[in-house]
Amino acid sequence: DVWEFQSSIGKFVKSKKNVVIRISHNGDFDALYIYGQLSTVNEIGLWLERVLHCDNSTKGDSPKVAGCMDLFRVQGRWAAAARLAFIRCILGSITEVTGGTTLSKAAANHFPLPQYWLEWGAFFESIWIKNIHNVIQVETISASSQSYRYRINNHGESVFTNALLLSDSNRPNTSNWKAEELTAFIAMSVRGFLRMDLYNAL
């Protein structure tokens, strides 16, 4: 499910999308600086297999670039935004996805299943629907052609984020998280959903 702004009606609309990521050309992707260390492209491939729950038997860097785009480009997608926020705010190392063991094809996968992110997505969306008109300010570009654009209201975004922090109704269990981790996770999820398009994903 993807929320996107329809400029012809001036509203955010949710719909189901089938998306294909096609890498036509890229420079050399040899490594990624993550969790304070430089990880090779092969290590990133093994890591992506776990966080995306998608087996990868290909070689080369383009499949890893595609996986990174799937992971980092989360604008309009609550479940994906929550997954990325978890990676950035809750995990502390690249090997946490394997329970602390070295990344390899045979290593176990300790990363939460996709259903977990759907549950987070449902939680975020239930409060987003109540706050959308405070967060999103619609502006008319042309009344004659019925064309609109939007901007993010920073105060409305702050109120929305606080509402998420205060609500524990249908929120997935976070009892083993520190308070500051939950705060950072919520803020990063909102930021990702609102802003992390192809230009801001990384």
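Keep in mind it's a predicted model, so treat the numbers as computed, not measured. (Residues numbered from 1 in each chain as written. Predicted model: local features only at pLDDT ≥ 70, side-chain atom pairs only at ≥ 80, totals over all residues. Heavy atoms only, no water.)

Asks: Report on the packing of helix α4 (residues 114–135) against helix α6 (residues 179–195), specifying residues and quantitative values.
Replies: One can describe the packing of α4 onto α6 by two numbers: an axis separation of 12 Å at closest approach and a directional angle of 65 degrees. Judged on the interaxial angle alone, α6 and α4 are roughly perpendicular. In terms of crossing hand, the pair formed by α4 and α6 is right-handed. Judged by residue contacts, Trp 120, Phe 123, Phe 124, Trp 128 and Val 135 of α4 engage Phe 185, Ile 186, Ser 189, Phe 193 and Leu 194 from α6. Of the residues assigned to the contact of α4 with α6, the class counts are 9 nonpolar, 1 polar and no charged. (Axes fitted to C-alpha atoms, helices over the stretch in contact; angles between N-to-C directions. Helix = DSSP H or I, 4+ residues; strand = E, 2+ residues; numbered from the N terminus. Parallel < 35°, antiparallel > 145°, perpendicular 65-115°, else oblique. Left-handed = near helix turned anticlockwise from the far one by under 90°. Contact = heavy atoms within 4.5 Å. Nonpolar A, V, L, I, M, F, W, Y, C, P; charged D, E, K, R; others polar.)

Asks: I'd love a proper account of unusual backbone geometry, names of residues and values included.
Replies: The phi angle at His 53 is positive, at roughly 50 degrees, despite the residue not being glycine. Tracing the chain through its elements places His 53 in the loop between α1 (41–51) and α2 (62–72). Backbone geometry places Asn 170, a non-glycine residue, at a positive phi of 65 degrees. Tracing the backbone through its elements, the reader meets Asn 170 in the loop between α5 (154–166) and α6. A relative accessible area of 69% places Asn 170 in the exposed class. (Buried < 20%, exposed > 50% of the residue type's maximum accessible area, 1.4 Å probe, protein only.)

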